[in-house]
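These are the residues of each chain, in order.
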Amino acid sequence: LQALAAEHLGRPVDDLPVRMMLASPELRTVLVSIHVSLRGALEAVTCENVLSTVRITAAHFARLGRPGVRIAVAGLNPHAGEGGLFGREEIDHIAPAVAEARAEGLQVTGPHAPDTVFMR
């Protein structure tokens, strides 16, 4: 779909970033990585990719007439890394992306513990 959309717009595929959204009436979940190995998914957790995902999500909802939608960003590790005890992805990549998104005026929180973020 990304390639078809890029071709339709006459743009290179790399210039048209996309994300997968899983949706229900109550919740939308947007993924940082799409159809990659577990190793590839871990490597995709970069500040740039997380920030891009938040921006794409916010832009989607703005186009639907819902600017300022609240976005909760899940951590990668149990308990969102527990301050580095279970990994540094939250400290090194996810939290900086959330801070940048907030600096851009987006209503973003996180990183939240991935096992409880859906309960909030």
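Residues numbered from 1 in each chain as written. Predicted model: local features only at pLDDT ≥ 70, side-chain atom pairs only at ≥ 80, totals over all residues. Heavy atoms only, no water.

What follows deals with the overall build of the protein. In terms of regular secondary structure, the protein is built from 4 helices and 4 strands. The order of helices and strands in the protein, counted from the N terminus, is α-β-β-α-α-β-α-β. Computed over C-alpha atoms, the radius of gyration of the protein comes to 15 Å, within 12% of the 14 Å expected from 2.2 N^0.38 for 120 residues, which places it in the range of a compact globule. Its C-alpha atoms put the protein at 45 × 30 × 30 Å along the principal axes. When each of the 120 residues of the protein is scored for burial, the buried share is 25%. (Helix = DSSP H or I, 4+ residues; strand = E, 2+ residues; numbered from the N terminus. Rg over C-alpha atoms; globule rule 2.2 N^0.38 Å. Buried < 20%, exposed > 50% of the residue type's maximum accessible area, 1.4 Å probe, protein only.)

Core analysis: the largest hydrophobic core is formed by 14 residues, its most contacted members being Val50, Val54, Ile71, Val73, Ile94 and Val108. Among the elements of the structure, helix H3 (47-63), strand E3 (71-74) and helix H4 (89-103) are those that each provide at least two residues to this core. For this core, the element with the most residues is H3, which contributes 5 residues. (Core = buried A, V, L, I, M, F, W, Y, C linked by side-chain atoms within 4.5 Å.)

Here proline 78 lies in the loop between E3 and H4. Owing to a relative accessible area of 47%, proline 78 belongs among the partly exposed residues under this scheme. On a C-alpha basis, the gap between proline 78 and alanine 113 in space is 6.4 Å, while along the polypeptide they are 35 residues apart.

A surface patch of nonpolar side chains, about 280 Å² in accessible area, is lined by Leu38, Leu42 and Leu76. By the element assignment, leucine 76 lies in the loop between E3 and H4. The class of leucine 76 is partly exposed, set by a relative accessible area of 30%. (Patch = residues over 30% accessible without salt bridge, like charges linked within 9 Å, V, L, I, M, F, W, Y side chains within 5 Å. Areas by Shrake-Rupley, 256 points an atom, 1.4 Å probe, with all protein chains shown as cover. Salt bridge = Lys/Arg side-chain N within 4 Å of Asp/Glu carboxyl O.)

Moving on, we come to H4. Taking 1.5 Å as the rise per residue, H4 with 15 residues should run 21 Å; its terminal C-alpha atoms sit 20 Å apart, in good agreement. Of all the bends found along H4, the most pronounced is centred on alanine 95 and spans about 30°, while proline 96, a proline, follows it within four residues. Burial in H4 covers these residues: Glu90, Ile94, Ala97, Val98 and Ala101. Glycine 105 sits one or two residues past H4 and shows a positive phi near 95°. (Expected span 1.5 Å × (residues − 1). Bend = angle between axes of the 7 residues up to and from the residue.)

By secondary structure assignment, the location of serine 37 is in the loop between strand E2 (28-30) and helix H2 (38-44). A residue is classified by how much of its surface remains accessible, and serine 37, at 46% relative accessible area, is partly exposed. Polar side-chain contacts of serine 37 include one of 3.0 Å to the backbone nitrogen of glycine 40. (Polar contact = N/O pair within 3.5 Å; in protein donor to acceptor, adjacent residues only side chain to side chain.)

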